[in-house]
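# Coordinate inspection notes
Residue strings, one per chain:
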Amino acid sequence: LFQALGLYPDMSHSNKLTLYYWPLLGRSAGIFRMLQEAKADYTHVSDKKEMAKVCAAFGASKGANFAPPVLVDGEVKLSQSIAIMIYLGSKFGFNDEIKGADTYRAMQLHNDLADIASQATSTKEPGEWASNRLMKWLAMLQRAVKDDFFFAAKPSSVDFHFEGLWSMAEFLFLDKAGVEPLKNFPKLDKIVKAIRALDSYKKFDKLPIYRN
């Protein structure tokens, strides 16, 4: 997809990838899930001293990456979760069905999910936010689902991103509140359940979803 548009270099080679990120899934859950599902050869580096070699926020004086997550794939070095998920979606074929205007719709949905994550982690009234604004977000996302997943019959980077976001929301306050908003949004509920049914998902339990 993005390679065909000339946005990325040839990604058909098989480098060993390195992902610099904290020892948790957090906002990079989608990245970890995609790497696992693709059976990618990668190393997860969470030591801050090592991350400081590639992150300007921690003192790196070379490169153009500010903070984790940072993905290194040969000469390619990317930061920001959305950029990395789109890159992996193209590299491993998850986004092959996303074409034309949907290319930009996928970018929009990734940014929508990032906005939801920012609100979920910063709200001072989680109950009010979950019962009001979150429901509006979910209604909009449900309308965006075209098939079994957001864009096709197989998961794309957007689907992995959404499941990761939902896991974080459950951990932060939904489980404690005893509410299950996805019951009202069957298409989104189906996406979350389908991602969690993947063997790669069930076998990867090395990291907590968020900070305790």
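Cut-offs used in this document
Residues numbered from 1 in each chain as written. Predicted model: local features only at pLDDT ≥ 70, side-chain atom pairs only at ≥ 80, totals over all residues. Heavy atoms only, no water. Helix = DSSP H or I, 4+ residues; strand = E, 2+ residues; numbered from the N terminus. Rg over C-alpha atoms; globule rule 2.2 N^0.38 Å. Salt bridge = Lys/Arg side-chain N within 4 Å of Asp/Glu carboxyl O. Buried < 20%, exposed > 50% of the residue type's maximum accessible area, 1.4 Å probe, protein only. 1 Å grid on protein atoms, 1.4 Å probe; cavity = no way out; pocket = protein on both sides within 12 Å on 5 of 7 lines; lining within 4 Å. Points joined across faces, edges and corners; volume = space filled by probe spheres on them. Nonpolar A, V, L, I, M, F, W, Y, C, P; charged D, E, K, R; others polar. Core = buried A, V, L, I, M, F, W, Y, C linked by side-chain atoms within 4.5 Å. Contact = heavy atoms within 4.5 Å. Polar contact = N/O pair within 3.5 Å; in protein donor to acceptor, adjacent residues only side chain to side chain. Pairing = 2+ DSSP bridges. Axes fitted to C-alpha atoms, helices over the stretch in contact; angles between N-to-C directions.

Scanning the protein from N- to C-terminus turns up nine helices and four strands. Helices and strands appear in the protein in the N-to-C order β-α-β-α-β-β-α-α-α-α-α-α-α. A globule of 212 residues ought to have a C-alpha radius of gyration of about 17 Å, and the protein, at 17 Å, matches this closely. Seen along its three principal axes, the alpha-carbon backbone of the protein occupies a region of about 45 × 40 × 30 Å.

Taken as a whole and judged by the stated rule, the model has eight salt bridges. Note that Glu-163 is salt-bridged to Arg-196, the shortest N-O span being 2.8 Å. Note that Glu-163 is positioned in helix α7 (residues 157-177) and Arg-196 in helix α8 (residues 186-196), a separation of 33 residues in sequence. Since its relative accessible area comes to 1%, Glu-163 is described here as buried. With relative accessibility at 25%, the residue Arg-196 sits in the partly exposed group.

To continue, consider the layout of surface pockets. Looking at the largest pocket, its volume works out to about 370 Å³. Residue lining of the largest pocket: 24 residues in total, with Arg-27, Ser-28, Pro-69, Gln-80 and Ser-81 positioned closest to the centre. Within the residue set of the lining of the largest pocket, elements represented by two or more residues are α1 (29-37), α3 (81-91), α4 (102-122) and α7. Per-element accounting of the lining of the largest pocket gives the leading share, four residues, to α7. Tallied by class, residues from the lining of the largest pocket come to 14 nonpolar, eight polar and two charged.

Before going further, it helps to examine the nonpolar core. Ranked by size, the top nonpolar core spans 58 residues in total, and within it Leu-88, Leu-138, Leu-141, Phe-150, Phe-162 and Leu-188 carry the most contacts. The element best represented in this core is α7, accounting for nine residues. Those residues in contact with Phe-150, other than ones at most four positions away along the chain, are Leu-109, Leu-141, Ala-144, Val-145, Val-158, Asp-159, Phe-162, Leu-188 and Ile-191. Tyr-20, Val-54, Cys-55 and Val-70 belong to the second largest nonpolar core, which has seven residues in total.

Turning next to the side chain of Asn-65. Mapped onto the secondary structure, Asn-65 falls in the loop between α2 (48-51) and β3 (70-73). Separated by 3.4 Å, the side chain of Asn-65 and the backbone oxygen of Lys-77 make a polar contact. For Asn-65, the side chain forms a polar contact with the side chain of Ser-79, separated by 3.2 Å. Beyond its immediate sequence surroundings of up to four residues, Asn-65 is in contact with Val-54, Cys-55, Ala-56, Val-70, Lys-77, Leu-78 and Ser-79.

Here we take up unusual backbone geometry. Cis peptide bonds are those with omega within 30 degrees of zero, and the linkage from Pro-68 to Pro-69 qualifies with 10°. Along the chain, Pro-69 turns up in the loop between α2 and β3. Backbone geometry places Gln-80, a non-glycine residue, at a positive phi of 80°. By secondary structure assignment, the location of Gln-80 is in the loop between β4 (76-79) and α3.

Hydrogen bonds between backbone atoms are what pair the strands of a sheet, whose relative direction is either parallel or antiparallel. The sheet built from four strands is open, its strands ordered β2-β1-β3-β4 with mixed pairing. Both outer strands of the open sheet, β2 (42-45) and β4, are each paired with one neighbouring strand and no more. Averaged over all pairs of adjacent strands, the angle between their axes in this sheet comes to 15°, without regard to strand direction. Examined bridge by bridge, strand β1 (residues 17-20) and β3 share three bridges and lie antiparallel to one another. Each bridged residue has a counterpart across the sheet, and for Tyr-20 the counterpart in β3 is Val-70.

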